[in-house]
Amino acid sequence: MPNDRSAPADTSRTPTVPDAVAPAVPVVPGAPAPDAVTPAPVYPPGVAAVPDAVAPAVPEGVALAVPEALAPAAPDAVAPAVPDALAPAAPRGYRAVFAVAEFRAVFAAHLFSLLGVVVSELALTVLVYDLTGSPLLSALTFALGLLPYLIGGTLFAGVADRYPARRVLVVCDLLCAACVAVMLVPATPVAGLLALRCLVAAIAPVFTGTRMAALTDILGEGDLYVLGRSLLRIVSQSAMLIGFGAGGVLLTVLSPRGAITVTAVTFLASAALLRFGTRARPARSGDGGGTLLKESLAGARLILGDRRVRALMLLFWVPPMFVVAPEALAAPYADAIGVPSAALGLLLCSMAVGHIGAELFVGSALSPRNRSRIVLPVAAVGLLPLVVYAVRPGLPLAVAALALAGAGAAYVIGLDQWFVDAVPEELRGRAMTLLTAGLMTVQGLGMALAGLAAEFFPVHQVVAGSGILGTVCTLLLVAEVRATAPGRMSDTEGRDRADRHVTSG
């Protein structure tokens, strides 16, 4: 059967085909001379069109010609689609975050150090009580874990931007390990133990703020960062449940100082993971010529002086300040409703369980756009479950209300994206450090105010009042956040697409 390669043998007939007739030849069904179709090379512009037109009429002649005419284009057009269809799906959601090797190192380091801190807090409380027999000094060890956050986060925030992030994180871990090592010395007096506890707490916001800012370098500023922050929060909530239990078990087989030794090991393990598991990156802003204190305070003024950033930061702070009331008053409330002491554990862990469950759902089931959309509505109603305490509920209803209040904290996932979008990169470390310091401080303040109010009012009324007052304050903040929102601030997915486009370019 003739094909394009046999055309030279028929060139004697090629000149007899007029140009005017050539287009019409393929249209005649059953043409006696299918070879007339073959001189496609004589009419280059029509090569692609002629086979398409004659394919039904001359299947045999064209069947051989079509692959050669289309061969150069067909593989290019089809090849990209085949691997996409056959290749395994790229990881999404939390799996995509864990696919980043540097984040896995950060995650493991966070887990080590957090469990160590929780165990050390419990062990140090027991140690101080054993040495002094004073419930006040024993309780003070917990309070000292919160109060220095404001000092460290305000006065030393400049460290997070002034020096390379990896260096700051490793040095912070080593300093904490050194403080814990001194606690192990039997000759260390109680005042020294408390002072070392304060120092560790002052370092904590610098470490946490630097790590939060470093996540934007490791995961980018889009959805991976948001989910990475979510995972670290989930670990923090889980550590409160697991860490105290693990600490209690350790104290049954080890002395308080022996349990504190575990903390020193976890800090060293965290430092090693961060040193060898993350890349060295330059500082965000160099030495501005001033002292560290001046630079830290100047950064705080710039951050809090920005109306948008200030509104977002307050939305991080205010709901947690009120939601801690039922936790702070869990023991007296359990006594007031006459439940056994074992029920106290349910009251204390219900909020954390609700928070973990909601954050996992929002992070894995909702798109970035939808996570952004629920920020303000969920924040506005997140404290309302506490109003149930007005009727002095029994244990089942109180546990359900606390779990719902914990679930209300899921608004923070979308808020993380808004905050990182609003803060200039050169101030990001200081902003994250100040955010962490303020969050811990307002929670401590909320606990203290709830305890003070419970001296004058019934516990259930204090908790219900916290829910009402907190909702009013949050609604005012929601209005302020709306007023300061840029035109497309809620469209985080569009921002992510823009980031990917720039990166791919």
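Throughout what follows, the structure given in this document is the object of discussion. (Residues numbered from 1 in each chain as written. Predicted model: local features only at pLDDT ≥ 70, side-chain atom pairs only at ≥ 80, totals over all residues. Heavy atoms only, no water.)

## Regarding the overall build of the protein
Of regular secondary structure, the protein possesses 25 helices and 0 strands. For the protein, the proportion of its 505 residues judged to be buried stands at 45%. Restricting to contacts in the protein with at least 6 residues of sequence separation, those with at least 24 account for 85%. Of the roughly 23,700 Å² that the protein leaves accessible, carbon and sulfur atoms contribute 70%. (Helix = DSSP H or I, 4+ residues; strand = E, 2+ residues; numbered from the N terminus. Buried < 20%, exposed > 50% of the residue type's maximum accessible area, 1.4 Å probe, protein only. Contact = heavy atoms within 4.5 Å. Areas by Shrake-Rupley, 256 points an atom, 1.4 Å probe, with all protein chains shown as cover.)

## Points about the nonpolar core
In terms of nonpolar packing, the biggest core is built from 109 residues, with Phe103, Leu315, Leu347, Tyr389, Leu415 and Phe419 touching the most fellow members. Here this core gets 13 residues from one element, more than from any other, and that element is helix α11 (residues 190-219). Not counting the four nearest positions on each side in its chain, phenylalanine 103 is found in contact with Val97, Phe98, Leu215, Ile218, Leu219, Gly228, Leu231 and Leu232. (Core = buried A, V, L, I, M, F, W, Y, C linked by side-chain atoms within 4.5 Å.)

## Here's the deal with a nonpolar patch on the surface
A cluster of nonpolar residues, Leu445, Leu449, Leu452, Phe456 and Phe457, forms a patch on the protein surface that exposes about 540 Å² of accessible area. Tracing the backbone through its elements, the reader meets leucine 445 in helix α23 (residues 428-453). Residue classification places leucine 445 among the partly exposed positions, given a relative accessible area of 43%. (Patch = residues over 30% accessible without salt bridge, like charges linked within 9 Å, V, L, I, M, F, W, Y side chains within 5 Å. Salt bridge = Lys/Arg side-chain N within 4 Å of Asp/Glu carboxyl O.)

## Description of unusual backbone geometry
Not every positive phi belongs to a glycine, and arginine 392 is a case in point at roughly 55°. By the secondary structure assignment, arginine 392 is in the loop between α20 (375-381) and α21 (395-407). When its relative accessible area of 42% is taken as the criterion, arginine 392 is described as partly exposed.

## Thoughts on the pattern of salt bridges
Side-chain pairing between opposite charges can occur once the charged atoms of the two side chains come close. With the rule as written, the count across this model stands at 7 salt bridges. Put simply, arginine 281 and glutamate 102 hold a salt bridge, and the shortest N to O gap is 2.8 Å. Taken together, the residues span a long stretch of sequence, with arginine 281 in the loop between α13 (256-277) and α14 (292-305) and glutamate 102 in helix α6 (residues 101-132) at a distance of 179 residues. With respect to class, arginine 281 is no different from glutamate 102; both count as buried. The salt bridge involving arginine 233 is made with glutamate 359; its shortest N-O contact spans 2.8 Å. Taken together, the positions of arginine 233 in helix α12 (residues 223-253) and glutamate 359 in helix α18 (residues 342-365) put the pair 126 residues apart, joining distant regions of the chain. In this structure arginine 233 comes out as buried when scored by relative accessible area, which is 13%. Of the residues examined, glutamate 359 reaches a relative accessible area of 0% and is grouped as buried. A single network of salt bridges, built from pairs that share partners, joins Arg229, Arg233, Glu359 and Asp416.

## Things to note about the state of the cysteines
Enumeration over the complete set of coordinates arrives at 0 disulfides. Unpaired in this structure, cysteine 179 has its nearest cysteine sulfur neighbour in cysteine 176, at a distance of 6.2 Å. (Disulfide = S-S within 2.5 Å.)

## Section: the packing of α6 against α11
Remark: α6 packs on α11, axes separated minimally by 12 Å, with the N-to-C direction vectors making an angle of 165°. With respect to each other, α6 and α11 are oriented roughly antiparallel. At the point where α6 passes α11, the crossing takes the left-handed sense. Of the residues in α11, those in contact with Glu102, Phe103, Val106, His110, Glu121, Leu124, Leu127, Val128, Leu131 and Thr132 of α6 are Val190, Leu193, Arg197, Arg211, Leu215, Ile218 and Leu219. Its residues placed into classes, the contact of α6 with α11 shows 11 nonpolar, 2 polar and 4 charged. (Axes fitted to C-alpha atoms, helices over the stretch in contact; angles between N-to-C directions. Parallel < 35°, antiparallel > 145°, perpendicular 65-115°, else oblique. Left-handed = near helix turned anticlockwise from the far one by under 90°. Nonpolar A, V, L, I, M, F, W, Y, C, P; charged D, E, K, R; others polar.)

## Looking at the packing of aromatic side chains
Aromatic rings in a pair are described by how distant their centres are and how their planes are angled relative to each other. If you walk through the whole model with that rule in mind, you get 5 aromatic pairs. Between the aromatic rings of tyrosine 333 and tyrosine 389, the centroid separation amounts to 4.8 Å while the plane-to-plane angle is 50°, which identifies the pairing as tilted. Pair noted here: tyrosine 333 is in helix α17 (residues 330-336) and tyrosine 389 is in the loop between α20 and α21, with a separation of 56 residues, a long-range link. Tyrosine 389 carries the same exposure label as tyrosine 333, and that label is buried. Linked through ring pairs, Phe98, Phe103 and Phe107 together constitute an aromatic cluster. (Phe/Tyr/Trp six-rings, centres within 6.5 Å; stacked < 30°, edge-to-face > 60°.)

## Regarding the side chain of arginine 428
Within the secondary structure, arginine 428 is located in helix α23. Setting aside residues no more than four positions away along its own chain, arginine 428 makes contact with Asp161, Ala213, Thr216, Glu221, Arg284, Val420 and Val423.

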